[in-house]
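# Summary of the model geometry
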Amino acid sequence: GTLLIEPGSPLEERVDFDGLNPVNNTFSGLVRGVQCTSPTSHSDGVRAYWAGGAAALENQVGPPASQWDGQALTAEGPLFFRGDGTGFSFRVPTDPAGGTDYFDATGIRWGSKVNGNQSANGWSALTYVATRQITEADVGTDINGDGDEIDTFSLGQIRLQRWDAFANGVPMDDVALCPPIVAQELCNYGGDMDGDGFADPLFLWNPADGSLRIRLTIVSGLQNTRAVVNRLANTMYLRNGAL
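Residues numbered from 1 in each chain as written. Predicted model: local features only at pLDDT ≥ 70, side-chain atom pairs only at ≥ 80, totals over all residues. Heavy atoms only, no water.

Attention now goes to the layout of surface pockets. As a volume, the second largest pocket reaches approximately 290 Å³. Lining the second largest pocket are 18 residues, with Arg-14, Asp-84, Cys-187, Asn-188 and Tyr-189 positioned closest to its centre. The residue makeup of the lining of the second largest pocket, split by class, is six nonpolar, seven polar and five charged. (1 Å grid on protein atoms, 1.4 Å probe; cavity = no way out; pocket = protein on both sides within 12 Å on 5 of 7 lines; lining within 4 Å. Points joined across faces, edges and corners; volume = space filled by probe spheres on them. Nonpolar A, V, L, I, M, F, W, Y, C, P; charged D, E, K, R; others polar.)

Here it is as C-alpha cells:
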C-alpha cells in the first residue's frame with residue numbers, strides 16, 4: 001500500500017510499502033516520494049495515514065483546509081473528505097472453524113478468508129493498483145471532461161487483497177477484479193474525473209450513515225481511434241459501517 005504523511009502541508013509525502021509487522025508497528029520495502037511527492041524529513045510523532053482510504057469528515061460546515069483533501073458531490077450534496085479514495089478496507093462475518101457459525105459471546109465474529117481459510121485475524125481491502133500511463137492526446141479524448149486534451153492518467157486495476165494481520169511472512173491473497181482499465185489522473189488520485197468541479201474518489205465511506213460511494217471512470221477501448229470512456233457509480237450501505 002501507500003502511506004500518506006502530513007497531508008495538505010508543504011511536507012506532504014507518499015511512501016509505498018510492501019509489508020508490515022503489526023507487533024512492533026514497522027513497515028518494510030519502503031519507497032520514498034512516490035506519486036509526484038518528494039522525500040522529506042518529518043518530525044517525530046506525525047501521523048501516517050493509509051493513503052487509499054477516503055472518509056467523510058464529521059465536521060461538514062466549513063472545516064479548515066488542513067483537515068480535508070477533497071469535496072465530493074453526493075446525492076445529499078457536497079461532502080468534505082480526507083484521503084485519496086483509491087481503496088477500502090473491510091472485514092466480513094467469519095467462522096475460524098470453517099463453518100457458518102459467525103457469532104461468539106460478544107456478537108458477530110469479524111475477519112476474512114485468507115488462503116482459502118477463514119481467519120478471525122483476517123482483513124480485506126479493495127485497492128487501486130496503477131499499471132501504466134496514457135495521455136488524452138494519445139487517445140484523442142477528453143477523459144476527465146475539463147475541456148482540454150492535455151492531461152495524463154494512470155490506468156490500473158481494482159484488486160481484492162486479503163491477509164492475516166498477525167501471520168508475518170504468510171503471502172496475502174491478491175486477485176485482480178478487472179483488467180487495467182480504471183483511470184485516475186496522474187499525481188491527483190481521487191481528483192475530478194467528470195468535469196463537474198468536485199473530486200471523484202473511487203471509494204468514499206461516510207461514517208455518519210455507513211454508506212460506501214463507488215465511482216469508476218473506465219477507459220474500455222478505442223472506437224475510430226478515440227477512447228471509449230464510461231463512468232460507473234453506485235452507493236451501498238454497509239452493515240455496522242456507521243459510527
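Structure's up, so let's keep going.
The biggest cluster of nonpolar side chains holds 14 residues, and the ones touching the most others in it are Tyr-128, Ile-158, Val-182, Leu-202, Phe-203 and Leu-216. Only β15 (122-135), β16 (152-164) and β20 (211-223) provide two or more residues apiece to this core. The element contributing the most residues to this core is β20, with four residues. Among the nonpolar cores identified, the runner-up in size contains nine residues, and Ile-134, Ala-183, Met-193 and Val-219 belong to it. (Core = buried A, V, L, I, M, F, W, Y, C linked by side-chain atoms within 4.5 Å. Buried < 20%, exposed > 50% of the residue type's maximum accessible area, 1.4 Å probe, protein only. Helix = DSSP H or I, 4+ residues; strand = E, 2+ residues; numbered from the N terminus.)

Moving on, we get to the state of the cysteines. What is meant by a disulfide is a covalent connection between two cysteines, made through their sulfur atoms. Enumeration over the complete set of coordinates arrives at one disulfide. Here Cys-36 engages in a disulfide with Cys-187; their sulfurs sit 1.4 Å apart. Of this pair, Cys-36 sits in the loop between β4 (26-28) and β5 (48-50) while Cys-187 sits in the loop between β18 (182-185) and β19 (203-206); the two residues are 151 residues apart in sequence, bridging distant segments of the chain. (Disulfide = S-S within 2.5 Å.)

The phi torsion of most residues other than glycine is negative, and most of the peptide bonds are trans. Phi at Gln-35 takes a positive value of approximately 50 degrees, unusual for a residue other than glycine. You can see Gln-35 is positioned in the loop between β4 and β5. Exposure remark for Gln-35: the relative accessible area of 28% places this residue in the partly exposed category.

Quick look at the confidence of the model for the protein chain now. Predicted coordinates in regions of low pLDDT should not be interpreted in detail. When pLDDT is averaged along the protein chain, the result is 91; 99% of the residues meet or exceed 70. For the protein chain, the element scoring lowest by mean pLDDT is strand β3 (residues 19-21), at 76; β19 scores highest, at 96. (pLDDT = per-residue confidence, 0-100.)

Here the focus is the sheet that holds strand β2 (residues 13-16). Spatial strand order, β2-β1-β5: three strands in an open sheet with antiparallel pairing. In this open sheet, the two edge strands, each paired with only one partner strand, are β2 and β5. On average, adjacent strands in this sheet sit at an angle of 30 degrees to one another, irrespective of strand direction. Direction of pairing for strand β1 (residues 2-5) relative to β2: antiparallel, over a ladder of four bridges. The residue of β2 that forms the bridge with Thr-2 is Asp-16. (Pairing = 2+ DSSP bridges. Axes fitted to C-alpha atoms, helices over the stretch in contact; angles between N-to-C directions.)

As a further point, take empty space enclosed by the protein. As enumerated under the stated definition, the model contains one cavity of 30 Å³ or more in all. Estimated volume of the largest cavity: approximately 80 Å³. In this structure, the largest cavity is lined by Gln-184, Met-193, Asp-194, Asp-200, Leu-202, Arg-215, Leu-216, Thr-217, Arg-231, Leu-232 and Ala-233. Sorting the residues of the lining of the largest cavity by element identifies β20 and β21 (226-237) as the ones contributing at least two each.

For the structure on display, the rule yields nine salt bridges. Arg-14 is paired through a salt bridge with Glu-12; the nearest N and O atoms lie 2.7 Å apart. Taking relative accessible area as the criterion, Glu-12 reaches 24% and is therefore assigned partly exposed. As a salt-bridge pair, Asp-173 and Arg-162 come within 3.6 Å of each other at their nearest N and O atoms. With Asp-173 in strand β17 (residues 173-176) and Arg-162 in strand β16, this residue pair connects regions lying eleven residues apart in the sequence. Among the residues examined, Arg-162 registers a relative accessible area of 23% and is labelled partly exposed. Overlapping salt bridges, with partners in common, bring together Glu-12, Arg-14 and Asp-84 in one network. (Salt bridge = Lys/Arg side-chain N within 4 Å of Asp/Glu carboxyl O.)

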